[in-house]
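Residue-level listing of the chains:
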Amino acid sequence: MKSKSKSIFVKLLRLRRDFGMFWGLISGFIYMTLVFIGGIIGYMWLEGWNLLNSFYMVVITLSTVGFMEVLPLSDDGRLFTSILILGGVGGFAYLIGAFSQLLVEGRLQAILGRRRMQKTIGKLKNHIIVCGYGRIGAIVTKEVMDEGLDVVVIESNPELVLQMEAAGIACIEGDATSDETLKLAGLANAKTLIAALSDEAQTSMLPSCPSLCSM
């Protein structure tokens, strides 16, 4: 029995680790689902109501809309309703807190993650700068990384930047023709700048580098 409970505890820990910051929100939804189902079963058992009446009673109870009971409640039913309200309100409060925490943590992690990435980029020497992460840019970036070389990608598309961040690729969101963006990418210490921009006009605006390649 002890080993079985330990196994369940280990599985819960693994789930919490796998879901990360989403675990609070998921566990809150699971709890509210169990409360909802338990409320329906409770009314059907204590009051002898049918499924529809029990379902409706749970809805108006957990939503705290203040409607009258579907049918007269027994003393046991009133006690059960009180427990259901306390459990439901507590569950909703937990869900709101978990959602707020998810928003705050997600935003903080994004900000802190980009700051850490910028510090890492600032320490690079003789790295490769790839301007653009389109079809060609993605291929070039992969080949450079496969060679074991440091690479920094400059991309203006926020969705592509998120993809690179998720893949652990050093990147900067911005205009590759901007001096400030190139400075953040460490142009002064870069070995090569590879232009993989789709717009030829933008490519012509890139500054000179020890080795400038156009794709």
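Residues numbered from 1 in each chain as written. Predicted model: local features only at pLDDT ≥ 70, side-chain atom pairs only at ≥ 80, totals over all residues. Heavy atoms only, no water.

**Focus: the overall build of the protein chain**
Then, in step 1: Helix and strand counts for the protein chain stand at eight helices and five strands.
Then, in step 2: Taken from N to C terminus, the helices and strands of the protein chain fall in the order α-α-α-α-β-α-β-α-β-α-β-α-β.
Then, in step 3: With 215 residues in all, the protein chain has 34% of them scored as buried.
Then, in step 4: Across the protein chain, contacts joining residues at least 24 apart in sequence account for 51% of those joining residues at least 6 apart.
Then, in step 5: Entry remark: accessible area of the protein chain is about 14,100 Å², with carbon and sulfur atoms responsible for 62%. (Helix = DSSP H or I, 4+ residues; strand = E, 2+ residues; numbered from the N terminus. Buried < 20%, exposed > 50% of the residue type's maximum accessible area, 1.4 Å probe, protein only. Contact = heavy atoms within 4.5 Å. Areas by Shrake-Rupley, 256 points an atom, 1.4 Å probe, with all protein chains shown as cover.)

**With respect to helix 2 (residues 23-46)**
Then, in step 1: Here helix 2 spans 34 Å end to end across 24 residues, near enough to the 34 Å set by a 1.5 Å rise per residue.
Then, in step 2: Residues of helix 2 that are buried include every one of Trp 23, Gly 24, Leu 25, Ser 27, Gly 28, Met 32, Val 35, Gly 39, Ile 40, Gly 42 and Tyr 43, and no others.
Then, in step 3: With its phi angle positive at about 70°, Gly 48 sits one or two positions after the end of helix 2. (Expected span 1.5 Å × (residues − 1).)

**Here we look at a nonpolar patch on the surface**
Then, in step 1: Together, Leu 52, Phe 55, Tyr 56, Val 59, Val 65 and Phe 67 make up a nonpolar patch on the protein surface, roughly 590 Å² of accessible area in all.
Then, in step 2: With respect to the helices and strands, Phe 55 occurs in helix 3 (residues 51-62). (Patch = residues over 30% accessible without salt bridge, like charges linked within 9 Å, V, L, I, M, F, W, Y side chains within 5 Å. Salt bridge = Lys/Arg side-chain N within 4 Å of Asp/Glu carboxyl O.)

**A short note on the nonpolar core**
Then, in step 1: In terms of nonpolar packing, the biggest core is built from 30 residues, with Ile 129, Val 130, Cys 131, Val 152, Val 153, Ile 154 and Met 164 touching the most fellow members.
Then, in step 2: Every element with two or more residues in this core is listed here: helix 4 (75-122), strand 1 (128-131), helix 5 (135-146), strand 2 (151-155), helix 6 (158-167), strand 3 (171-173) and strand 4 (192-195).
Then, in step 3: Counting residues in each nonpolar core, the second largest holds 14 residues, with Met 32, Trp 49, Leu 62 and Ala 98 among its members. (Core = buried A, V, L, I, M, F, W, Y, C linked by side-chain atoms within 4.5 Å.)

**Section: the confidence of the model for the protein chain**
Then, in step 1: Predicted confidence across the protein chain gives a mean pLDDT of 80, with 76% of residues reaching 70 or more.
Then, in step 2: Within the protein chain, the element-level pLDDT minimum falls on helix 8 (residues 200-204), averaging 48, and the maximum on strand 2, averaging 92.
Then, in step 3: Residue range residues 201-205 is modelled with pLDDT below 50. Its contacts to residues more than four positions away, or to other chains, number seven contacts. (pLDDT = per-residue confidence, 0-100.)

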